[in-house]
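Below are the chains, spelled out letter by letter.
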Amino acid sequence: MNIDRIFQETDRVFPREFRKKNLKEDEPRPPDLPLELFEAYYSCRKNKRNSRSALDFENRFEREIWQLHKELVSRTYQPGKCIAFIVEEPVKREVFASCFRDRVVHHWLIDRLNPLFEKLFIPDSYACRPNKGNLYGIRRVASGMRTVSKIAEWDGYVLKLDIRGFFMHINRNILYQKLESFIRSSYHRPDIDLVLYVTHKIVYHQPASNCNIRGSRSDWNGLPRDKSLFYAPKDCGLPIGNLSSQVFANFYLHAFDKFVTEELQVSHYGRYVDDFVLLHPDAAYLNSLVPQIEQFLRGELALTLHPKKRYMQHVRKGVTFLGAKINPGRIEAAVRIKTQFYGAIHRINALLNQKKPLSKIQRLYVACCINSYLGLLRWYSTHRLRKKLLMQVLDSEWREQLSVRNRFRKVRFRKKGGRT
């Protein structure tokens, strides 16, 4: 986004007369607001404009950005309070949501470092990366399974492992040492000292010591201690929920990626955050790698493998990875996604039990909910599943109101008179 477009957008959203009222009379208008913080702000607010912290920031965003700029330049910036809460889907997790102004700083930093990280990371690290993600990872693993099977005349194996309490056991000292060394060797812009300062602030920020709890204490019941930042070991733990945490986690495990692909010479390997798979024609060889992997993780990164999340199977039986059941010639939706879609259809059917007519918001919810699952499932071999759910499980009263399009890939409410 260039500077002209930024200020055009600024004038459209907040006219100059309104923005001047937000500045104190004795506060001089800054002659040149920092472009990078503006870009970070516009990037950060995507899909977040209705949150309370985003609206509070936006109401006086010029002054807020200028204040952030002064704090960063003067080295007085301090991260604010986070909001801690529990999410239940797809699995139970503890999330720390930073305030909006801190998220702007996260975007500012990651925008600087990401191009350097992208040159460093291997292609088979899929999480939180441009042009990567779940579908890319699923296809890469499926391709690796086919390759291994052909090499061994359809006799390959897949080993799936998981790191125990990954985010809560990331050692901040090790992380920052690696980041500092990488930045000093790879970052060649004049603001390198500021980048190191902000990196240090983010890495060593301890949100669990100063946060607001959303929900009740009982929400944490059933959450293992190794998945909570409140019980993290000393000098360990990054909060789940921050962009910086996701990217720094990738960087933390980059040394492990290189160890597996270069030292262990595993040609077919894929990792998404702390879940990873290794493919090889020989099952005994894969089993022999586990002690070496454990030793490297413990010695270099202070991490351990999860003792109960180890999966070794013939490739013909497939592997569940990234929300899909991956087989050499077929990719199916995982049981969890199917179960969630069934539950969503039953909740939609239950709306018909209410006595009053459905509002426009409720109708919009129905269409968006169904289409979101169809949009996900269309990438898998799920034509029969989508047809069954829409033509059998979905109530007939809904089917009279909805038009099914593109071979069960999208639904739309019919207009009056039955025409779409």
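About the cut-offs
Residues numbered from 1 in each chain as written. Predicted model: local features only at pLDDT ≥ 70, side-chain atom pairs only at ≥ 80, totals over all residues. Heavy atoms only, no water. Pairing = 2+ DSSP bridges. Helix = DSSP H or I, 4+ residues; strand = E, 2+ residues; numbered from the N terminus. Axes fitted to C-alpha atoms, helices over the stretch in contact; angles between N-to-C directions. Contact = heavy atoms within 4.5 Å. Polar contact = N/O pair within 3.5 Å; in protein donor to acceptor, adjacent residues only side chain to side chain. 1 Å grid on protein atoms, 1.4 Å probe; cavity = no way out; pocket = protein on both sides within 12 Å on 5 of 7 lines; lining within 4 Å. Points joined across faces, edges and corners; volume = space filled by probe spheres on them. Core = buried A, V, L, I, M, F, W, Y, C linked by side-chain atoms within 4.5 Å. Buried < 20%, exposed > 50% of the residue type's maximum accessible area, 1.4 Å probe, protein only. Salt bridge = Lys/Arg side-chain N within 4 Å of Asp/Glu carboxyl O.

Draft legend 1. Looking closely at the sheet that holds strand E2 (residues 93-97). Overall, mixed pairing links the three strands, which are arranged E2-E1-E4 in an open sheet. Taken across any chain shown, the strands that pair with only one partner, and hence form the sheet edges, are E2 and strand E4 (211-213). The average angle at which neighbouring strand axes cross in this sheet is 30 degrees, direction not considered. Alignment of strand E1 (residues 82-87) against E2, held across five bridges, turns out to be antiparallel. Residue Val 87 lies in a different strand from E2, and its bridge partner there is Arg 93.

Draft legend 2. The environment of Arg 112, seen in detail. The topology assignment puts Arg 112 in helix H6 (residues 100-120). Ignoring any residue separated from it by four or fewer positions in sequence, one finds Arg 112 in contact with Glu 36, Tyr 187, Arg 189, Asp 191 and Val 195. Among the polar contacts listed, one links the side chain of Arg 112 to the side chain of Asp 191, at a separation of 2.8 Å.

Draft legend 3. Main features of empty space enclosed by the protein. Scanning the entire structure with this criterion turns up two cavities of 30 Å³ or more. Taken as a whole, the largest cavity spans an internal volume of roughly 100 Å³. For the largest cavity, the lining is made up of 14 residues, of which His 106, Ile 202, His 205, Asn 242 and Ser 244 are closest to its centre.

Draft legend 4. Expanded view of the nonpolar core. Ranked by size, the top nonpolar core spans 80 residues in total, and within it Phe 166, Phe 248, Phe 256, Leu 278 and Ile 293 carry the most contacts. The element best represented in this core is H6, accounting for nine residues. Residues contacting Phe 256, with those up to four places away along its chain left out, are Tyr 269, Phe 276, Ile 293, Phe 296, Leu 297 and Leu 301. Leu 322, Ala 367, Leu 374 and Leu 389 belong to the second-largest nonpolar core, a separate cluster that totals 41 residues.

Draft legend 5. Here's a closer look at the pattern of salt bridges. Inspection of every chain in the model, using the stated rule, returns 15 salt bridges. With a closest N to O distance of 2.9 Å, Arg 330 and Glu 332 form a salt bridge. On the basis of relative accessibility, which here comes to 42%, the residue Arg 330 falls in the partly exposed class. For Glu 332, a relative accessible area of 24% translates into the label partly exposed. Linked by salt bridges that have partners in common, Glu 36, Arg 112, Arg 189 and Asp 191 make up one network.

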